[in-house]
Amino acid sequence: MFGIYTSSLIIFFKNARKTLFSNLFNTIITLLIILFISVACFNTFEWLIFKANWKVVISNLPLYAFGSFPPNEQWRPSTWFISLLSLSLLTLCGPKWKWLRKNLPILWLGTIPFGLYLLYGGFGLSPIMSRNFGGLTLTILLTVLSSLFSLPLGIILALCRQSSFPLIQKLSSVYIDVMRSLPLIAVLFFGQLLIPLFLPIGIEIDRVWRAIFAFTLFVSAYIAEDIRGGLQSIPNTQIEAANSLGLNQYQIIRFILIPQALRIALPALTNQSIGLFQNTSLMAILGLVELLGVGRSILANPEFIGQYIEVYVWLACVYWLVCTIMAVLARHLEQKMTINQANFL
């Protein structure tokens, strides 16, 4: 085993020498790049370890995680976070029990009502108003619920755009084109400021659900185009074969079109989810104190004025970590779907 690793390292260094040091010009460029990267890394680590004042982060960790959630109830979003992380690890490691592998999608869907129950309360838990949601808790809540509602709406829009009925096709096309031509901040302003004007007197939707509604309307248009691309890549021969087997239109859509379209569009859908997670930072402009909003409110504290670099480096690390987890889970799902397709073929 040790000899295999040694020979692999020798081959690697030989290939690197041929590629990076093949002539004098390449050698000079390679050494300059290595010098630049080394200096940048040294200065970065020196600032991170010796010069940065991380008190602005350490003393405000509960605020970054939970916002203004009541301190004696912060175990509730913590429990939700732990369940999401545990399920992520379970998904990546691959449970040995077949029944558990089969029910993983149900468990993932179950985290949504479980999280809503913990955050909002009821049935034995004290109720918490959504205005107390904030920080990473609010960011993840907006991302999860908006993704949950956007995906089925996007699938319906994609199928409608492929419909043989001209009116349905035109209406879905107009909706998708209009939403894709609008900036997200305009849709969010519509959700926060204009939706209450259209509601009957006495009916009120809180700001969190108005934000989810706006994100759903916006993201579903992009998801529809991703799904439509997957639908168009499916050969017509499969539909003809399904018709010859006697499958009706609903069965063709359910068992043939949608599974393959989702598998093909999975990388694009992952990009949409990651982009949605990042775009929740726009809610700080509209008064919802999500993760970025917490950072801005902390910087307004006279005790931490001027410590912008520490705060934004910390926020960048949090965004990077969550987006990486989402990308790894999506890559794992893509590999599983590819393996299942290969076994089926």
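Just above, that's the structure.
Residues numbered from 1 in each chain as written. Predicted model: local features only at pLDDT ≥ 70, side-chain atom pairs only at ≥ 80, totals over all residues. Heavy atoms only, no water.

A. Looking closely at the overall build of the protein. A count of helical and extended segments in the protein gives 15 helices and zero strands. Taking all 345 residues of the protein together, 36% fall into the buried category. By element, 71% of the accessible surface of the protein is carried by carbon and sulfur atoms, the whole surface being about 20900 Å². Here the protein contributes 22 positively and 12 negatively charged side chains, and the mean placements of these two sets differ by 11 Å. (Helix = DSSP H or I, 4+ residues; strand = E, 2+ residues; numbered from the N terminus. Buried < 20%, exposed > 50% of the residue type's maximum accessible area, 1.4 Å probe, protein only. Areas by Shrake-Rupley, 256 points an atom, 1.4 Å probe, with all protein chains shown as cover. Lys, Arg positive; Asp, Glu negative; His and termini not counted. Charge placed at Lys NZ, Arg CZ, Asp CG, Glu CD.)

B. A look at the layout of surface pockets. If you add up the space inside the second largest pocket, you get close to 350 Å³. Lining of the second largest pocket is provided by 21 residues; of these, Ser130, Arg131, Arg207, Val208 and Leu288 occupy positions nearest its centre. Those elements that place two or more of their residues in the lining of the second largest pocket are helix H11 (207–232) and helix H14 (291–299). No other element matches the three residues that H11 contributes to the lining of the second largest pocket. Residues belonging to the lining of the second largest pocket are distributed by class as follows: 10 nonpolar, six polar and five charged. (1 Å grid on protein atoms, 1.4 Å probe; cavity = no way out; pocket = protein on both sides within 12 Å on 5 of 7 lines; lining within 4 Å. Points joined across faces, edges and corners; volume = space filled by probe spheres on them. Nonpolar A, V, L, I, M, F, W, Y, C, P; charged D, E, K, R; others polar.)

C. Region of the structure containing the side chain of Gln307. For Gln307, the position within the fold is in the loop between H14 and helix H15 (308–344). When its relative accessible area of 14% is taken as the criterion, Gln307 is described as buried.

D. Region of the structure containing a positive patch on the surface. Taken together, the side chains of Lys98, Arg101, Lys102 and Lys336 make up a positively charged region of the molecular surface. By the element assignment, Arg101 lies in helix H6 (residues 98–102). (Patch = residues over 30% accessible without salt bridge, like charges linked within 9 Å, V, L, I, M, F, W, Y side chains within 5 Å. Salt bridge = Lys/Arg side-chain N within 4 Å of Asp/Glu carboxyl O.)

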